[in-house]
Amino acid sequence: MMRLTADDRKWLSDAAGGSVCYGEPMARHTSFRVGGPAEALVTPATISDLSLLISGLKDRKLPYRILGGGTNLIVRDSGIPGVVIRLQQCCRGITVESSNNAQTALTAMSGENLQKLCVFAMRRGFQGLNFALGIPGTVGGAIRMNAGTALGWMSDVLESLIVLDPSGRMKTIPKADLRVAYRSMVFPDTCNAPENVIISGRFVLKSGDVGAIKSEARKILQQRRRRQPTILPSAGCIFKNPSTGKTAGELIDLAGLKGYKVGGAEISLKHANFIVNTGKATASDILTIMAQMRRIVYEKFQISLEPEVIIEGE
Ligand code: EPU
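What you are looking at is a predicted structure, and each value in this text was computed from that prediction instead of being measured.

## Section: the site of the ligand
Y182, R227, C237, N241 and D253 are the nearest of the 21 residues found near the ligand. One of the side-chain N or O atoms of R227 is found 2.4 Å from an oxygen atom in the ligand. At 2.7 Å, a side-chain N or O of D253 approaches a nitrogen atom of the ligand. With the chains in place, 74% of the 820 Å² that the ligand exposes on its own is no longer accessible. Elements that contribute at least two residues to the shell around the ligand include exactly α6 (210–227) and α7 (248–254). Residue contributions to the shell around the ligand peak at three residues, all from α7.

## Here's the deal with a positive patch on the surface
Side chains of R123, R124, K214, R218 and K219 sit close together on the surface and give a patch of like positive charge. The leading source of residues in the positive patch is α6, at three residues. Here R124 is to be found in the loop between α3 (114–123) and β8 (126–127). The class of R124 is partly exposed, set by a relative accessible area of 43%.

## Comments concerning the layout of surface pockets
Within this model, the second largest pocket holds a volume of roughly 260 Å³. If you trace the second largest pocket, you find 16 residues lining it, with Q127, G128, L129, F131 and V157 closest to the centre. For the lining of the second largest pocket, the secondary structure elements donating two or more residues are β10 (152–153), α5 (154–157), β15 (197–207) and α6. Tallied by class, the residues present in the lining of the second largest pocket amount to nine nonpolar, four polar and three charged.

## Concerning helix α8 (residues 283–301)
For α8, built from 19 residues, the straight-helix expectation of 27 Å at 1.5 Å per residue is met to within 8% by its first-to-last C-alpha distance of 27 Å. Taken together, the buried positions of α8 are occupied by A283, D285, I286, L287, I289, M290, M293, I296 and V297. Following α8 by one or two positions, Q302 has its phi on the positive side, about 55 degrees.

## A look at the state of the cysteines
Tallied over the entire structure, the rule returns zero disulfides. The thiol of C90 is not disulfide-bonded; the next cysteine sulfur, from C91, is found 3.8 Å away. Relative accessible area serves as the criterion here: at 8%, C90 is assigned to the buried category.

## Re the sheet that holds strand β16 (residues 261–262)
Spatial ordering of the open sheet is given by β16-β17-β18, a layout of three strands whose pairing is antiparallel. Only two strands of the sheet have a single neighbouring strand rather than two, namely β16 and β18 (275–277). Direction of pairing for strand β17 (residues 265–267) relative to β18: antiparallel, over a ladder of three bridges. The residue of β18 that forms the bridge with I267 is I275. α8 contacts β16, β17 and β18 of the sheet and is inclined by roughly 30 degrees relative to β17.

## A few points about the domain arrangement of the protein
Assigned domains of the protein: these are domain 1 (6–86), domain 2 (94–226) and domain 3 (229–307). One C-alpha centre belongs to domain 2, the other to domain 3, and the line joining them spans 28 Å. Counting residues at the interface gives four residues for domain 2, matched by four residues for domain 3. Here domain 2 and domain 3 share an interface that buries about 380 Å² over both sides, 53% of which is from carbon and sulfur atoms.

## Focus on the pairing of strand β5 (residues 80–86)
Of all seven residues that make up β5, six are buried, and the element is covered over most of its length. The pairing of strand β3 (residues 64–67) with β5 spans four bridges and is classified as parallel. Following the sheet pairing, L67 is matched in β5 by R86.

## Concerning the sheet that holds β3
Strand-to-strand pairing in sheets goes through backbone hydrogen bonds, with the strands running parallel or antiparallel. If you trace the four strands from one edge of the open sheet to the other, you get β1-β2-β5-β3, paired in mixed fashion. Because the sheet does not close on itself, it has two edges, and the strands there are β1 (20–25) and β3. Mean inter-strand twist for the sheet, computed between neighbouring axes without regard to direction, equals 35 degrees. Seen against the sheet, helix α1 (residues 6–16) touches β1, β2 (37–42) and β5 and runs at an angle of roughly 115 degrees to β1. Running over the sheet, helix α2 (residues 47–59) touches β2, β3 and β5 and is turned about 160 degrees from β5.

## Quick word on the nonpolar core
L106, L117, L129, I143, M154, L161 and F203 are the most contacted members of the largest nonpolar core, which has 34 residues in total. Secondary-structure elements contributing two or more residues to this core are β7 (103–109), α3, α4 (139–144), α5, β11 (158–164), β15 and α6. The leading source of residues in this core is α3, at six residues. In this view, L106 contacts I94, T95, V96, E97, L117, F120, F126, G201, R202, F203 and L205; residues no more than four positions away in its chain are not counted. L287, M293, V297 and L305 belong to the second largest nonpolar core, which has 27 residues in total.

Calculation criteria
- Residues numbered from 1 in each chain as written.
- Predicted model: local features only at pLDDT ≥ 70, side-chain atom pairs only at ≥ 80, totals over all residues.
- Heavy atoms only, no water.
- Near = heavy atom within 4 Å.
- Polar contact = N/O pair within 3.5 Å; in protein donor to acceptor, adjacent residues only side chain to side chain.
- Areas by Shrake-Rupley, 256 points an atom, 1.4 Å probe, with all protein chains shown as cover.
- Helix = DSSP H or I, 4+ residues; strand = E, 2+ residues; numbered from the N terminus.
- Patch = residues over 30% accessible without salt bridge, like charges linked within 9 Å, V, L, I, M, F, W, Y side chains within 5 Å.
- Salt bridge = Lys/Arg side-chain N within 4 Å of Asp/Glu carboxyl O.
- Lys, Arg positive; Asp, Glu negative; His and termini not counted.
- Charge placed at Lys NZ, Arg CZ, Asp CG, Glu CD.
- Buried < 20%, exposed > 50% of the residue type's maximum accessible area, 1.4 Å probe, protein only.
- 1 Å grid on protein atoms, 1.4 Å probe; cavity = no way out; pocket = protein on both sides within 12 Å on 5 of 7 lines; lining within 4 Å.
- Points joined across faces, edges and corners; volume = space filled by probe spheres on them.
- Nonpolar A, V, L, I, M, F, W, Y, C, P; charged D, E, K, R; others polar.
- Expected span 1.5 Å × (residues − 1).
- Disulfide = S-S within 2.5 Å.
- Pairing = 2+ DSSP bridges.
- Contact = heavy atoms within 4.5 Å.
- Axes fitted to C-alpha atoms, helices over the stretch in contact; angles between N-to-C directions.
- Domains from an automatic or database assignment.
- Buried area = accessible area lost by both parts, 1.4 Å probe.
- Core = buried A, V, L, I, M, F, W, Y, C linked by side-chain atoms within 4.5 Å.

Okay, structure coming up:
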């Protein structure tokens, strides 16, 4: 396990100034409200601070991870060694780039809230992002995970994205160069994916009628509230849907697991593919329930559920 040395910490404190917190509990930064400390959590103020930070980390061979909204993430109770970087300060803003009667191109910075982007588009009559209503998290996280619902995915509206690499270069990647799939968006090999940071996405949306977009939005949000738990902390759907046949939620439901509890974690009574934190759950409670869900679904249906959530930490 990689740990920061005293010298690394001195460098980091100089480089990152007041924007670094050591031993910051990740429970404060994840929608599940669980997770041990990040060894260092850095929130750069500007893109040039971010650029200096990641090039310095690369030079020192220190691992870093980008945190989006923490909404599809389980951080283990032992926490995350190394450096975690938040983009909510340095990558902000939504800009209309060009617009005509038929369509609008806009750029959203990766640290923006995805819901803010949906509302920005809706108010101006730009159509195509309603599918994302109610999906928590940041624009960058939603791009990286190719977030979506039955109504659409990020890759449907994304035209290109800009990434920053550790040598300080910004690169535009057109959608055609990305391998997009269900809940995944993979960069081309030449972009050295894990070290790159998504800075922004450019989206193309069709012109529509504000009233019609708003009334569709109301229906989508109502349906989400009816079908999914929205009050208790969770990370959304836990497992991916198998490529054919019954959904993960149906399989877990048919296995009779709704309401099953381990410690403070519970399989939602509303939607079986959600685990909710009833108040005092630990990451270990959640991971234990997940293992049992997989085991029981496999025993009953011979189907292996694959996690949708990202699991971080050691
Ligand atoms: N179902 C059950 N029992 C349950 C839950 C669902 O029988 O406990 C049945 C429903 O009755 C329905 C079917 O399963 O016939 C599908 O359910 P739902 O419409 O709720 O969709 P889903 O496939 O479970 C997917 C995404 C959600 C997204 C919804 C809405 C995945 C893993 N999940 O859920 O995404 O919000 O569609 O489009 O692809 C997420 O990614 O975190 C997420 C929540």
